[in-house]
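Architecture at a glance
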Amino acid sequence: VTRPDLESYNILERSKEASSSTSAVTAPTGAANLWTQEKRVLAAAQVVCCTCSGADHPVLQQKTFESVIIDEAAQATEPSTLLPLLRLSSTGSCTLVGDHKQLAPTVVSQDNEAEGFGQSLFARFIGLGLQPLLLEHQYRMHPALAAYPSHRSYDSRL
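Residues numbered from 1 in each chain as written. Predicted model: local features only at pLDDT ≥ 70, side-chain atom pairs only at ≥ 80, totals over all residues. Heavy atoms only, no water.

Secondary-structure assignment places Asp 99 in the loop between strand E2 (88-96) and helix H4 (110-114). Although Asp 99 is buried, it makes no salt bridge; Lys 101 carries the closest opposite charge, 6.6 Å away. A distance of 2.9 Å separates the side chain of Asp 99 from the backbone nitrogen of Lys 101, its partner in a polar contact. When neighbours within four sequence positions are excluded, Asp 99 is seen to be in contact with Ala 74 and Tyr 154. (Helix = DSSP H or I, 4+ residues; strand = E, 2+ residues; numbered from the N terminus. Buried < 20%, exposed > 50% of the residue type's maximum accessible area, 1.4 Å probe, protein only. Lys, Arg positive; Asp, Glu negative; His and termini not counted. Salt bridge = Lys/Arg side-chain N within 4 Å of Asp/Glu carboxyl O. Polar contact = N/O pair within 3.5 Å; in protein donor to acceptor, adjacent residues only side chain to side chain. Contact = heavy atoms within 4.5 Å.)

According to the stated counting rule, one finds two salt bridges in the structure shown. A salt bridge links Arg 87 to Asp 56; its shortest N-O distance comes to 3.8 Å. One end of the pair, Arg 87, is in the loop between helix H3 (78-85) and E2; the other, Asp 56, is in the loop between helix H2 (30-44) and strand E1 (65-70), with 31 residues separating them in the sequence. Assessed through its relative accessible area of 9%, Arg 87 is described here as buried. Residue Asp 56 is classed as partly exposed on the basis of its relative accessible area, which comes to 38%. As a salt-bridge pair, Glu 78 and Arg 124 come within 2.5 Å of each other at their nearest N and O atoms. Placement of Glu 78 in helix H3 and of Arg 124 in helix H5 (residues 121-127) is noted, with a sequence separation of 46 residues between them.

Put into structure tokens, the structure is as follows:
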């Protein structure tokens with residue numbers, strides 16, 4: 001369930017609003033109209049947020065972005081992170097946000113795990129020598145609770 005105050009950012013809701021304000025004589029009807037309106041909303045958007053799998057939605061076909069930010073990238077499987085990267089323009093940049101010292105991707109199939117699908121692109125880059133940037137301030141935990149993971153996993157830098 002979407003919070004009512006966030007509905008104005010939902011592409012489907014914005015498309016419905018645009019559809020209802022378009023002249024009935026000039027606009028296509030039904031699903032075709034919503035599809036057209038979704039593409040119109042996306043064309044005017046400065047920021048598009050979606051899940052990794054949502055980046056492969058048909059309404060995004062042929063759309064590219066100058067910047068792609070993948071949040072929780074250390075918890076996403078490599079194939080799932082490829083979907084948003086397909087939307088990256090040839091001159092664009094990608095930022096992977098996550099913590100490879102926390103949860104790894106969830107892979108239920110042991111066969112897939114054995115084939116390496118349990119590794120994230122984030123972890124692969126670190127394994128290849130890319131040094132991640134550590135955000136040294138965390139605001140979500142009481143300092144007393146944060147002391148142990150800071151000492152144990154982050155050399156007391158958190």
